[in-house]
Amino acid sequence: MKNGVLMRKRVLLPSLFLLSVASVILALAFGSVTIRWPELWAVLNGAGGLNRSLMLDLRLPRAASAFATGGLLALAGALMQVLLRNPLADPYILGISGGAAVGALLSMLLGASGAWLTGSAFGGALLSMLLVFTLAHGHGSWTSSHLLLTGVVCAAGWGAVISFILAISPDAQLRGMLFWLMGNLSHADNPWPGLIVLALGVMACLPLARNLNVLSRGELQAGALGVAIAPLRWQIYLIASLLTAVAVTLAGSVGFVGLVVPHLLRLAIGNDQRLLLPAAVLLGGSLLTVADTLARTVVAPQQLPVGVITALLGVPVFLYLLQRSPR
Amino acid sequence: MPALLTVNDLAVSIAGKSVCRGLNLAIERGQCWGILGRNGIGKTTLLHTLAGLRAPDAGTIYLEEQPLTRLPRRHIAQSISVLFQHSEDPFPSTVLETALIGRHPYLNAWDWESEEDHMLAQQALAAVGMDGMASRQAGTLSGGERQRLAIATLLTQDPQLLLLDEPANHLDLHHQITILDLLVRQTRERGKALLMIGHDLNLTARYCDHALMLFGEGETTQGKLPQILTEENLARLYGHPIQCFSVGGKRVFVPE
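Residues numbered from 1 in each chain as written. Chains lettered and ligands numbered in written order. Predicted model: local features only at pLDDT ≥ 70, side-chain atom pairs only at ≥ 80, totals over all residues. Heavy atoms only, no water.

A. Region of the structure containing the overall build of chain A. From N to C terminus, chain A includes 14 helices and 0 strands. From first element to last, N terminus to C terminus, chain A shows the α and β order α-α-α-α-α-α-α-α-α-α-α-α-α-α. A globule of 327 residues ought to have a C-alpha radius of gyration of about 20 Å, and chain A, at 20 Å, matches this closely. Projected onto its principal axes, the C-alpha coordinates of chain A cover approximately 65 × 60 × 35 Å. With 327 residues in all, chain A has 52% of them scored as buried. Partitioning the contacts of chain A with sequence separation of at least 6, the portion at a separation of at least 24 is 77%. When the accessible surface of chain A is totalled, it reaches about 13,900 Å², and 72% of it is carbon and sulfur. On chain A, the mean spot of the 18 positive side-chain charges and the mean spot of the 8 negative ones are 15 Å from each other. (Helix = DSSP H or I, 4+ residues; strand = E, 2+ residues; numbered from the N terminus. Rg over C-alpha atoms; globule rule 2.2 N^0.38 Å. Buried < 20%, exposed > 50% of the residue type's maximum accessible area, 1.4 Å probe, protein only. Contact = heavy atoms within 4.5 Å. Areas by Shrake-Rupley, 256 points an atom, 1.4 Å probe, with all protein chains shown as cover. Lys, Arg positive; Asp, Glu negative; His and termini not counted. Charge placed at Lys NZ, Arg CZ, Asp CG, Glu CD.)

Structure below.
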């Protein structure tokens, strides 16, 4: 059995890594102008020219942003599912994307863009995170169902504020707002913050992974097996929330990646977080990179919000999984 | 040698009701204790408190000579294990993976379970008659099989003190006897200690040498089994007359 697990670990992560590389190459090749393999190969080997700037200056930052966003969301989703011990949890379930959306829409309403927009989206996400943290912690005693309820109700509150902002916004800004709400990578031209936070997130989570395995069996059981529950819970909440906040700031609220990817992997390899977390990063990143490539090409030169693609892919996959699941 | 677990002037309450007040206990190695009381009197709450999973209102619990509150959780988990009444498994996992989590307190952050850990888990599964089920999904097990798996996890944890919340729950008669035989034999042979909550007086009489009775309103009594398990105490404990017969040298309890 141990060999089986090691075998899966040896095969799974390298193959997902190859998938990730393939998805990025795909994203470099396709777009409003398709670059053929010989040209692609030439650029990868150092050839200059128009193709080079198209691939490396335009498409690579966007592909890297897509990968980072997908990885962040899948990792945050996997963490939230363990934290709430609910396989249906996603990174947005506690209202972080709602807070970010309110921040982003308000700044759009005031005519801001660029750094102001991303800044206020991130600020809204942090505000929402602190609000839920404080409210859920208020009683002293803290249960995952209490956190879940607090978060879900806050998310509903943000939803109402979003509708209100949409209702009072001038028509000219509605399109941009809707694109933001559906998740959109067309302004994500600096992937570095996302990639760095993703790397830090993975490094922070991996040493906690076996604790998470135990936590997923209940807090009392985890306590009896030597896990210091309260610090672990808050660590996971903070890490998952920060990852989500950065993802939402990069790309708006892209749905379903955070829900479906951990679920899919759990069906394939079980619930060992030591494998599941890194695998979720690679698979989530690849999925969003492919989805964003589709979003750029399906109705090119027009672009679709990537959230539409992930939802269109995610809904049938999720329903299929739900049908198949034994319980 | 100090007692394995010492309880000093302990007060525990839940939902405004007192479970025990001024409780002093010394659980020595080799002893098996039964905790008796009506439904909802606070047996489980007391058990969780003794495991350090819940703070008492007052008093101190010592593991060997160290106050429980000063010890890291990981250290406690290497000495004390708890069998809970309910197990949660919202995510899929196999029988072997479940048994293996018993090794968690012994592994460092980056460690994977060693060959030896796997062997311990397999031995524990064999001890509860579940070898051959290692790769089955835990979610597909019956209630009795789940209980045996939880006991196998506890054996894999290999603790000094076993705190068992209704260990005979869901088990058929054969498994009640073989599994309690196993746990009690290990306890006595290896100088461990065991505390079990249970409602079956005949099992308590068969396996325990000491008993603690919780009467409610903080009142308790404790001591060697023959002095505690009397018709008078039991009638007070359960509010129901209970008769004690001697059958083939064994004491048998029958409610009227």
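B. Looking closely at the sheet that holds strand β1 (residues 5-14) of chain B. Residue and element names in this part refer to chain B. Strand order in the open sheet formed by 4 strands is β2-β1-β4-β5, with antiparallel pairing between adjacent strands. A strand with exactly one partner marks an edge of an open sheet, and here the two such strands are β2 (17-27) and β5 (66-67). Where β1 meets strand β4 (residues 58-63), 5 bridges bridge the pair, whose relative direction is antiparallel. Along β4, the bridge assignment pairs L5 with L63. (Pairing = 2+ DSSP bridges.)

C. Inspection of the sheet that holds strand β9 (residues 210-216) of chain B at higher detail. All names here are of chain B. Ordered by their spatial adjacency, 6 strands build an open sheet running β6-β7-β8-β3-β9-β10, and the pairing between neighbours is mixed. Strands with a single pairing partner mark the edges of an open sheet, and in this sheet they are β6 (80-83) and β10 (219-224). When strand polarity is set aside, the average angle formed by the axes of neighbouring strands in this sheet is 15°. The sheet contact formed by strand β3 (residues 32-37) and strand β8 (residues 193-197) spans 4 bridges and is parallel. Considered in β8, the bridge of C32 is made with L194. Each of β6 and β7 (161-165) touches helix α5 (residues 143-157); the most contacted strand, β6, lies at about 180° to it. Those strands touched by helix α6 (residues 173-189) are β3, β7 and β8, and its axis lies near 145° from that of β8. (Axes fitted to C-alpha atoms, helices over the stretch in contact; angles between N-to-C directions.)

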